[in-house]
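# Structure at a glance
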Amino acid sequence: MPCPTAMRTKKTKAVGIPTIDLSQSRATTSKSIVEACQDFGFFKLINHGVSDDAIARLETQAFDFFQKTTPEKHRAGPANPFGYGCKSIGPNGDLGDLEYLLLRSDPTSIFESSASISNDSFTFSYVVNEYVKSVRKLGCEILDLVGEGLWLPNKYVFSNLIRDVHNDSVLRINYYPGVKHTENWEFSPKSHPSNNRIGFGEHSDPQILTILRSNDVDGLQISLQDGIWAPVCPDPFAFYVLIGDAFKAMTNGRFVSVRHRAMANNSKNPRMSIMYFGAPPLNAWIAPLSEMMLPNEQSLYKPFTWAQYKKAAYSLRLADSRLDLFKTS
Ligand SMILES: C=C1C[C@]23C[C@@]1(O)CC[C@H]2[C@@]12CC[C@H](O)[C@@](C)(C(=O)O1)[C@H]2[C@@H]3C(=O)O
Ligand SMILES: O=C(O)CCC(=O)C(=O)O
Ligand SMILES: [Fe+2]
């Protein structure tokens, strides 16, 4: 169902985003997930099993943080890359219309960073940990289903990477402040010049997969294969899953690493998105799986460690196609 509230311009179009219902049979689900990864690198997940309470508690903690005064928030920054960031994204001059928190996902790091984020660091780190545990479990489940859908002899080959104690997964909370609407706005909100501003520029995520949840304010768009942008209808009860560059490499290009962006918020209400980026340990090797290759098929990518890939990512701009650096030809 296209999103009735999503804004469409000449360069955007509404598409039926694949929806995976985790309460359906494993055979059905695994097949649909693999198809969605191949066709879009993106799908919506419903009946995902993550408790509403875990999500609501994190949302409340995050809102409390973003409501703080500017000097208070800056105590948790600057993001280098972890911590509180405002408008500046990454180290190479990218800018966006947002504030964010970028956190490592292991309990020790979460606890260490929580002192500068919350006056009640125990509660904050407990809530973040619970959320991370739930979405990591969900991430593992999705990756196992992919393993099943691809008929791999070891269906845990992908999930083992983010299950590893040394996994390099991160949690990001993006906050796009609401806007005060002028009188003009009421007459023609869709054609108002403040529309079409970019909140978080186009890019693909470097990791294996991203599990995104947002409140009920729109902004997320995905790029379709023909270069058209498709608005994604916000659904606070669902998660959206995005395939990252590392997964594209492991599947020798079969999975799309979806390019996406977030438009600046034009709503009166703030938009908040929470992303769990599932990543392998720094020393893990990423290379096309032999099972993914047809006889005589060439490997599209040279093997690289996750540390090498991260280094490349952080040397480039947000919109750059990082995986091209590792192409074989
Ligand atoms: C401009 C940048 C920000 C980013 C690191 C990079 O140099 C290129 C990749 C960016 C990205 C996009 C997905 C995630 O939000 C992120 C945390 C990541 O792993 O890669 C960000 C990086 C960041 O904001 O630090
Ligand atoms: O905020 C969003 O909805 C998307 C942000 C994003 O793509 C990212 O942080 O990598
Ligand atoms: Fe992203």
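Anyway, here's the lowdown on the structure attached to this text. Being a predicted model, the structure only gives us computed values, none of them experimental. (Residues numbered from 1 in each chain as written. Chains lettered and ligands numbered in written order. Predicted model: local features only at pLDDT ≥ 70, side-chain atom pairs only at ≥ 80, totals over all residues.)

## Section: the pairing of strand β2 (residues 42-46)
Definition in use: By the convention used here, strands pair only if DSSP detects at least 2 bridges between them. Each helix is a run of DSSP H or I of at least 4 residues and each strand a run of E of at least 2, with the numbering of both proceeding from the N terminus. We call a crossover right-handed when, viewed with the strands running away from us, the connection from the first strand over the helix to the second turns clockwise.
When strand β1 (residues 19-21) meets β2, the two strands line up parallel, connected through 3 bridges. When the bridges of β2 are listed, Ile20 appears paired with Leu45. The parallel pair β1 and β2 is bridged by helix α1 (residues 26-39), and the resulting crossover is right-handed.

## Topic: the sheet that holds strand β8 (residues 220-223)
What counts, and what does not: Axis lines are fitted through C-alpha atoms, for helices just across the contact stretch, and the angle between N-to-C directions can take any value from 0 to 180 degrees.
Read from one edge to the other, the open sheet built from 4 strands follows the order β6-β11-β8-β9, with strand pairing classed as antiparallel. Of all the strands in the sheet, the pair left with one neighbour each is β6 (198-203) and β9 (229-231). Strand-to-strand twist in this sheet, taken as the mean axis angle between neighbours without regard to direction, amounts to 25°. As paired strands, β8 and β9 are joined by 3 bridges and run antiparallel to one another. Considered in β9, the bridge of Gln221 is made with Pro231.

## What to know about the site of ligand 1
The criterion, for reference: By convention here, the C-beta atom is placed from the backbone, and a residue is near a molecule or strand when that atom is within 6 Å of it. Residues are sorted three ways: Asp, Glu, Lys and Arg are charged, Ala, Val, Leu, Ile, Met, Phe, Trp, Tyr, Cys and Pro are nonpolar, and all the rest, Gly among them, are polar.
The immediate surroundings of ligand 1 are formed by 17 residues, with Pro81, Gly90, Asp94, Asp205 and Leu318 found nearest. Listing elements by their share of the shell around ligand 1, those giving two or more residues are β4 (94-104), β5 (170-176) and α9 (306-315). Its residues placed into classes, the shell around ligand 1 shows 10 nonpolar, 3 polar and 4 charged.

## Overview of the site of ligand 2
In the vicinity of ligand 2, the contacting residues are Arg172, Asn174, Phe200, Asp205, Ser214, Gly219, Leu220, His260, Ala262, Ser273 and Met275. A class-by-class count of the residues in the shell around ligand 2 yields 4 nonpolar, 5 polar and 2 charged.

## Examining the nonpolar core
Put simply, the rule reads: We define a nonpolar core as a collection of buried residues of the types Ala, Val, Leu, Ile, Met, Phe, Trp, Tyr and Cys that are connected via C-beta atoms lying within 7 Å of each other. Buried residues are those with 20 or more other C-beta atoms within 10 Å of their own C-beta, exposed residues have 12 or fewer, and partly exposed residues lie in between; C-beta atoms are placed from the backbone. By the convention adopted here, residues make contact when the C-beta atoms placed from their backbones lie within 7 Å.
Within the largest apolar cluster, 79 residues are counted, with the highest numbers of intra-cluster contacts made by Ile33, Phe42, Val128, Val146, Val241 and Ile243. Here this core takes 11 residues from helix α5 (residues 121-149), the largest share from any one element. Ignoring sequence-local partners within four residues, the contact set of Val128 consists of Leu58, Leu103, Ile110 and Leu171.

## Here we look at unusual backbone geometry
Cis geometry marks the peptide bond from Gly77 to Pro78, where omega comes out at -5°. With respect to the helices and strands, the residue Pro78 is situated in the loop between α3 (70-74) and β3 (83-89). Asn80 connects to Pro81 through a cis peptide bond whose omega is -5°. Relative to the helices and strands, Pro81 is located in the loop between α3 and β3. Non-glycine residue Asn252 carries a positive phi angle of around 50°. Along the chain, the position of Asn252 falls in the loop between α8 (245-250) and β11 (260-263). You can call Asn252 partly exposed: it has 19 C-beta atoms within 10 Å.

## Some remarks on the sheet that holds strand β12 (residues 271-278)
Pairing is mixed across the open sheet formed by 8 strands, whose spatial order is β1-β2-β10-β7-β12-β5-β4-β3. Of all the strands in the sheet, the pair left with one neighbour each is β1 and β3. Taken pair by pair, the neighbouring strands of this sheet meet at an average axis angle of 25°, ignoring direction. Packed on one face of the sheet, α5 meets β4, β5, β7 (209-214), β10 (239-243) and β12 and runs near 125° to β7.

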